[in-house]
Amino acid sequence: MDTSQNKKLIRAKERIEDIKKFYKHIVTYVLINLFLAFVWDFTFKIFGDFVISNQFDGDNFTSLPIWLIWGIFLAAHAIKTFGFPNAFGKDWEERKIKEFMKE
């Protein structure tokens, strides 16, 4: 195997590892937030108005919920892993140039 093929293989393996880490991050996010929602809901039923979480306080936020903050970090991880989505597509610029040339 030549050097360029070897480098491509190494990059592909690193990319796969990054994607696996991202999927594990998603699973962890969902499971822990479901667990915390259950615990906080159960705790509120036992202790009434005793606030031990940073979730809603009924009328408004007491502080930012943990799922929102963690969700922002999860979105950043997605952008790091998959790249920023290009709204115009790969060939958008070339198509626009051809379109304007026809005018």
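Heads up: the structure comes first, above all this text.
About the cut-offs
- Residues numbered from 1 in each chain as written.
- Predicted model: local features only at pLDDT ≥ 70, side-chain atom pairs only at ≥ 80, totals over all residues.
- Heavy atoms only, no water.
- Helix = DSSP H or I, 4+ residues; strand = E, 2+ residues; numbered from the N terminus.
- Buried < 20%, exposed > 50% of the residue type's maximum accessible area, 1.4 Å probe, protein only.
- Contact = heavy atoms within 4.5 Å.
- Areas by Shrake-Rupley, 256 points an atom, 1.4 Å probe, with all protein chains shown as cover.
- Salt bridge = Lys/Arg side-chain N within 4 Å of Asp/Glu carboxyl O.
- Polar contact = N/O pair within 3.5 Å; in protein donor to acceptor, adjacent residues only side chain to side chain.
- Expected span 1.5 Å × (residues − 1).
- Arc of directions from axis to C-beta.

> Help me understand the overall build of the chain in this model?
Looking only at helices and strands, the chain has three helices and zero strands in total. Its helices and strands taken in sequence order, the chain reads α-α-α from the N to the C terminus. The proportion of buried residues among the 103 residues of the chain is 12%. Across the chain, the fraction of contacts at a sequence separation of at least 24, relative to all contacts at a separation of at least 6, is 57%. Carbon and sulfur atoms form 65% of the exposed surface of the chain, whose accessible area is close to 9,000 Å².

> How do you make sense of the side chain of T81 when you look at a structure like this?
By the secondary structure assignment, T81 is in helix α2 (residues 66-82). Take T81: its relative accessible area is 7%, and that puts it in the buried class. Ignoring anything within four residues of it in the chain, the contact list for T81 reads R15, D18, I19 and F22.

> I keep staring at the pattern of salt bridges and nothing clicks. Help me out?
Pairing is possible between side chains that carry opposite charge, provided their charged atoms lie close to one another. In this structure the tally under the stated criterion is one salt bridge. A salt bridge links K20 to E17, with the nearest nitrogen and oxygen atoms 3.3 Å apart. Of this pair, K20 and E17 both sit in helix α1 (residues 3-47), separated by three residues, roughly a single helical turn. Taking relative accessible area as the criterion, K20 reaches 39% and is therefore assigned partly exposed.

> Even after reading the chapter, I still don't get the environment of H77, so can you show me in this structure?
Looking at where H77 falls in the secondary structure, it is placed in helix α2. Along the sequence, H77 and F22 sit 55 residues apart, while their C-alpha atoms lie 6.9 Å from each other. What H77 contacts, discounting residues up to four positions off in sequence, is K21, F22 and H25. Within polar-contact distance, the side chain of H77 engages the side chain of H25 at 2.7 Å.

> Hey, could you run me through α2 in this one?
Given 3.6 residues per turn, any residue in an α-helix points the same way as the ones three and four places further on. With 17 residues, α2 ought to run about 24 Å at 1.5 Å a step, and its terminal C-alpha atoms sit 24 Å apart, in line with that. Within the span of α2, buried status applies to W70, L74 and T81. Looking straight down α2, one finds its buried side chains confined to an arc of 50 degrees; they lie on one side. α2 presents I72 and K80 as exposed residues on the side facing more than 90 degrees away from its buried surface. Trailing α2 by a residue or two, G83 shows a phi angle of about 85 degrees, which is positive.

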